[in-house]
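# Remarks on the overall topology
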Amino acid sequence: MLSQELSFARLQPERVIVVGGGPAGLRAAEVAAEAGARVRLFEAQRAAGRKFLIAGRGGLNLTHSEPVENFPQRYRAEPELWRALLGAFGPDDLRAWAEALEVETFKGTSGRIFPRGQKAAVLLRAWLRRLRERGVEIETGWRWLGLTKSDDGWQLRFSSDEVEIEVEAKSVVLALGGSSWPETGSDGKWTSPLAAHGVEMAPFVAANCGWEVAWPASVLERAEGLPLKNLAVSAGGETVSGELLITHYGLEGGAVYRLGPLLRAMSAPALQIDFKPQVSAETLRARAKQFRQPNEWYRAWKLSAGAIALLESAAFSDLEATIRLVKNFAVHLSVPRPIAEAISSAGGVRWSELDDRLMLRRLPGVFLAGEMIDWEAPTGGYLLQGCFSTGTVAGKAAAAFG
Ligand SMILES: Cc1cc2nc3c(=O)[nH]c(=O)nc-3n(C[C@H](O)[C@H](O)[C@H](O)COP(=O)(O)OP(=O)(O)OC[C@H]3O[C@@H](n4cnc5c(N)ncnc54)[C@H](O)[C@@H]3O)c2cc1C
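Per chain, the residues get numbers from 1 upward, laid out in the order the sequence is written. Local features in a predicted model are, by the rule used here, given only for residues with pLDDT of at least 70; side-chain atom pairs are given and counted only at 80 or more, and totals for whole chains, interfaces and linings are based on all residues. The side-chain quantities take in all heavy atoms of the structure and omit both hydrogens and water.

### Thoughts on the overall build of the protein chain
Only DSSP runs of H or I with at least four residues qualify as helices, and only runs of E with at least two residues qualify as strands; both kinds are numbered from the N terminus onward. Looking only at helices and strands, one finds 16 helices and 18 strands in the protein chain. Taking the principal axes of the C-alpha coordinates as reference, the protein chain spans close to 85 × 40 × 35 Å. Any two residues whose heavy atoms approach within 4.5 Å are treated as being in contact. Partitioning the intrachain contacts of the protein chain with sequence separation of at least 6 by distance along the chain shows that 68% fall at a separation of at least 24. Method for areas: the Shrake-Rupley scheme with a 1.4 Å probe, in which residue coverage is limited to the protein chains shown. Carbon together with sulfur atoms contributes 50% to the accessible area of the protein chain, which is approximately 17,600 Å² in total. Distance from the positive charge centre (46 side chains) to the negative charge centre (46 side chains) of the protein chain: 5 Å. In this charge count, Lys and Arg are treated as positive and Asp and Glu as negative; neither His nor the chain ends contribute. In plain terms, the charge of a residue is placed at NZ if it is Lys, CZ if Arg, CG if Asp and CD if Glu.

### Comments concerning the site of the ligand
With respect to spatial proximity, 31 residues lie near the ligand, and among them Glu-43, Asn-61, Ser-186, Glu-371 and Leu-384 are the closest. One of the side-chain N or O atoms of Glu-43 is found 2.6 Å from an oxygen atom in the ligand. The definition of a polar contact used here is a pair of N or O atoms within 3.5 Å, where within protein one atom must be able to donate a hydrogen and the other to accept one, and adjacent residues in sequence count solely through side-chain atom pairs. A distance of 2.7 Å separates an oxygen atom of the ligand from a polar backbone atom of Leu-384. Protein burial of the ligand: of its 1,000 Å² of free accessible surface, 94% is covered by the chains. Throughout, near means a residue has at least one heavy atom within 4 Å of the molecule or strand.

### Considering empty space enclosed by the protein
In the cavity and pocket records, a cavity denotes points on a 1 Å grid over the protein atoms alone where a 1.4 Å probe fits but cannot get out, a pocket denotes an open set with protein on both sides within 12 Å along at least 5 of 7 lines, and lining residues are residues with an atom within 4 Å of a point. Grid points are joined across faces, edges and corners, and a volume is the space filled by probe spheres set on the points. The full count for this structure, using the stated rule, is one cavity of 30 Å³ or more. Roughly 50 Å³ of volume is contained in the largest cavity. Elements with a contribution of two residues or more to the lining of the largest cavity: β10 (201-207), α10 (254-258) and α11 (260-265). Broken down by element, the lining of the largest cavity gets its largest block of residues, three residues, from α11. When grouped by side-chain class, the residues that make up the lining of the largest cavity number eight nonpolar, two polar and two charged. Residues are grouped as follows: Ala, Val, Leu, Ile, Met, Phe, Trp, Tyr, Cys and Pro are nonpolar; Asp, Glu, Lys and Arg are charged; all remaining types, including Gly, are polar.

### What about helix α6 (residues 91-100)?
The rule is simple: take the accessible area with a 1.4 Å probe, protein chains only, and divide by the maximum for that residue type; under 20% is buried, over 50% is exposed, in between is partly exposed. Within α6, the full set of buried residues consists of Pro-91, Leu-94, Trp-97 and Ala-98. Relative to the axis of α6, the buried residues are bounded by an arc of 115° and lie together on one face. Looking at α6, the residues exposed on the side facing more than 90 degrees away from the buried face are Asp-92 and Ala-100. A positive phi of about 65° marks Glu-102, the residue just after α6. The arc under discussion is defined with respect to the helix axis, by the directions toward the C-beta atoms.

### Observations regarding the domain arrangement of the protein chain
It is common to give the size of an interface as the accessible area lost on bringing the parts into contact. Either an automatic procedure or a domain database provided the assignment from which the domain bounds are taken. Domain annotation for the protein chain reports domain 1 (4-205 + 346-400) and domain 2 (211-332). Counting from both sides, the interface comprises six residues of domain 1 and, opposite them, six residues of domain 2. As a working definition, buried area equals the accessible area (1.4 Å probe) given up by two parts on being put together, with both sides summed. Between domain 1 and domain 2 lies a buried interface of about 490 Å² when both sides are counted; carbon and sulfur atoms form 49% of it. Considering only the side of domain 1, the residues that lose the most area to domain 2 are Arg-76, Glu-376 and Thr-379, jointly responsible for 69% of the buried surface there. A pairing counts as a salt bridge when a side-chain nitrogen of Lys or Arg comes within 4 Å of a carboxyl oxygen of Asp or Glu. For Glu-238, the salt bridge goes to Arg-76, with nearest N and O atoms at 3.4 Å. Applying the counting criterion to the domain 1 and domain 2 interface returns two residue pairs in polar contact (both at pLDDT 80 or more). Of the residues that constitute the side of domain 1 that touches domain 2, the class distribution is three nonpolar, one polar and two charged.

### So, the packing of aromatic side chains
Aromatic pairs are defined between Phe, Tyr and Trp rings, using the six-membered ring for Trp, whenever the two ring centres lie within 6.5 Å; interplanar angles under 30 degrees are classed as stacked, those over 60 as edge-to-face, and all others as tilted. Applying the stated criterion to the full structure yields 16 aromatic pairs. Ring centres of Phe-71 and Tyr-382 lie 5.1 Å apart, and the angle between their planes is 65°; on these two criteria the pair is classed as edge-to-face. Here Phe-71, found in helix α4 (residues 71-74), pairs with Tyr-382, found in helix α16 (residues 382-400); they are 311 residues apart in sequence, far enough to count as distant. With respect to class, Phe-71 is no different from Tyr-382; both count as buried. Ring geometry for Trp-127 against Phe-388: centres 5.3 Å apart, planes inclined by 15°, an arrangement best described as stacked. Of this pair, Trp-127 sits in helix α7 (residues 121-133) while Phe-388 is found in helix α16, placing the two residues 261 residues apart along the sequence. When its relative accessible area of 0% is taken as the criterion, Trp-127 is described as buried. Site record: aromatic cluster; members linked through ring pairs are Phe-52, Phe-89, Trp-97, Trp-127 and Phe-388. Placement of a charge over a ring requires the Lys NZ or Arg CZ to be within 6 Å of the ring centre, with the centre-to-atom vector within 35 degrees of the ring normal. Across the ring face of Phe-89, the terminal group of Arg-27 is positioned such that the distance to the ring centre comes to 4.2 Å. Between Arg-337 and the ring centre of Tyr-249, over which it is positioned, the NZ or CZ distance is 3.6 Å.

### Brief notes about the environment of Asn-230
The topology assignment puts Asn-230 in strand β12 (residues 227-235). On the basis of relative accessible area, Asn-230 is assigned to the exposed category, the value being 57%. Those residues in contact with Asn-230 that lie beyond four places of it in its chain are Gly-242, Glu-243, Phe-275 and Pro-277.

### Looking at the side chain of Arg-40
Relative to the elements of secondary structure, Arg-40 occurs in strand β2 (residues 39-43). Within polar-contact distance, the side chain of Arg-40 engages the side chain of Glu-137 at 2.7 Å.

### A few points about the pairing of β12
A pair of strands is labelled paired if DSSP reports no fewer than 2 bridges between them. For β12 and strand β13 (residues 238-246), the ladder comprises seven bridges, and the chain directions are antiparallel. Following the sheet pairing, Pro-227 is matched in β13 by Leu-245. Between the end of β12 and the start of β13, which pair antiparallel, lie two residues, with Gly-236 showing a positive phi angle near 55°. One ladder, built from three bridges, connects β12 with strand β15 (residues 270-274); its direction is antiparallel. Bridge pairing links Ser-234 to Gln-272 in β15.

Here it is, written out as structure tokens:
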């Protein structure tokens, strides 16, 4: 925190002020400092990188090993813009960056890239040390309240407990995050100060999240907590391979996360599950023909307990109807789980508000980075990659501004 004496005074103008100490803000601060700017970063929480640390709990997936040319389609909208952003800082750059912090990376079986040990804490510690060495000052416990134009740049207001301060900057990077996991600081409460300047935003919605299903009690009794593996799952004309997990409220898992944007667009969201995507209906028929009982067919098809519980919840009569269900089982979804639980959020500042340096067209000298911009991506490292790429472009442009 800033000292009390400093906090009441108007601070010396900074070259670049970064607000938000998540990966996008830290990266913007790093790049701006490397470009020679004097940089100060303000973070509302008592420590920077809280969501980054949470992301490391289940294995920090930094980026993906698929060819960089495939990345733009993962971000769905604005492929040309993403090509440029990834050109500025792509997956190989991200691996090299981690390795320069003496944290090796490796490719997991799914092609995902992880830091050694898969945890975020070691990486974050080394990163913060490097930022300090580059002269970046990190002020924690300061909530950004808004900004106004000044003669020489921007005047930003921050509060901490009862104290309010104003800080001048030539240029500003806002990297305030989305609105999932609000306890990490990403509470999406930064929209009003930008709306006051006419900046247009799409409402936040949960992305990479579970969906609710009204399971019959008989399914829950048998299948709650069971995984469904090696599936092909379809919705809205798209099919993905992956896994699902049956929970008391519905479904979680990579397959439903990836189909989220399509499910949100459907008036009656539903998944079609193929429990045996590698096995044709003819082969299922051939394997079952010597048996008469459904449980013998299931054994012959090597179906999991979860799949069997779902199949038996549907009314079916004969082998042909059962094969149809195995290859095309419909699950009707009601609503996505609350945004507070989601891995990420879609929505935020619309791309149309930004130029190709990620500067707000209405507020020259104010740049944005990370999840606060209206983009979304599946899990697999694409979220952090997006934060690093946008942080790099915004940080460099903020240092060069004016
Ligand atoms: C459980 C979980 C697991 C995840 N795992 C992965 C993974 O393995 N791979 C991957 O790619 N992604 C993962 N993610 C997503 C990834 O963590 C986020 O996409 C990323 O942290 C977003 O970075 P950001 O810098 O844009 O925002 P954030 O990390 O949300 O940081 C924004 C910062 O801004 C601060 N802030 C907000 N408002 C103010 C204000 N008014 N004043 C001052 N400061 C403010 C917040 O306190 C916060 O520190 C995971 C997310 C979760 C929740």
